[in-house]
Amino acid sequence: MKRIAVFCGASNGNDPIYTERAYEFGKYLAENQYELIYGAGSTGMMGAVANGVLEHNGIAIGIMPKFLAEREIAHDSLSEYHVVETMHERKQMMSDMADAFIMLPGGAGSLEEFFEIYTWSQIGLHHKPIGAFNIHHFFEPMESMIKHLIHTGFVNEDYRHLAVIEEDIPKLFASLKKSQPVKIRDYQK
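Keep in mind the model is a prediction, meaning the values are calculated, not measured.

Trainee: Hey, could you run me through the nonpolar core in this one?
Mentor: One broad trend across soluble globular proteins is that nonpolar side chains are buried collectively. Within the largest apolar cluster, 33 residues are counted, with the highest numbers of intra-cluster contacts made by F25, L29, L36, I102, L104 and F173. Those elements that place two or more of their residues in this core are β1 (3–7), α1 (17–31), β2 (35–38), α2 (44–54), β3 (60–65), β5 (100–103) and α7 (169–178). For this core, the element with the highest residue contribution is α2, accounting for seven residues. Discounting chain neighbours no more than four positions away, the residues touching L29 are I4, Y34, L36, V49, V53 and F173. Core analysis: the next-biggest nonpolar cluster, separate from the first, contains 27 residues, V84, I117, W120 and V182 among them.

Trainee: Is there a simple way to explain the side chain of K91 in this structure?
Mentor: Looking at where K91 falls in the secondary structure, it is placed in helix α4 (residues 87–97). Setting aside its immediate chain neighbours within four residues, K91 contacts E112, E113 and E116.

Trainee: Looking at this model, I keep getting lost on the environment of G106. Mind explaining?
Mentor: Following the sequence through the fold, G106 ends up in the loop between β5 and α5 (108–122). Once residues within four sequence positions are removed from consideration, G106 is found in contact with C8, G9 and F138.

Analysis parameters
Residues numbered from 1 in each chain as written. Predicted model: local features only at pLDDT ≥ 70, side-chain atom pairs only at ≥ 80, totals over all residues. Heavy atoms only, no water. Core = buried A, V, L, I, M, F, W, Y, C linked by side-chain atoms within 4.5 Å. Buried < 20%, exposed > 50% of the residue type's maximum accessible area, 1.4 Å probe, protein only. Helix = DSSP H or I, 4+ residues; strand = E, 2+ residues; numbered from the N terminus. Contact = heavy atoms within 4.5 Å.

Keep in mind these values describe shape, not function.
In structure tokens, the structure reads:
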């Protein structure tokens, strides 16, 4: 794992712990020679992660669709900045460039990006590690929902541990490094 795609919010959330830990996450990436692949934003969680990377001499690669580039503020110190036509192109480029995917707190867009990657793994479009940095217990409801989906038979038990959810950054990366590809979903069952 060298390049980490990060999905997170363009907002700060209502507790400073979110952006403080996002900055710490970015610092960890830089200090451990991981490159950041993300949505190119300068605000909220995205800005905090990128600042943590860049202020510690790391590499931050941003990808933003043209329509967002016209109304949002892209980070002005990125190592690389790519403007693409659509959200789909952004997600595909992030997926192609990344060796692993990690979600930090964010809104509907972050969840959508995360679950698309989760689904792509289930159907065999990639075999890359997936995780979530569980700042301030943010992802506990998501963990419960995944358990509920499994319990009710809408998600196979094989995918219970498809995504690593961890509160400690070094433990999160250690778990991702040990991650094994899951079997491809069998629609016959």
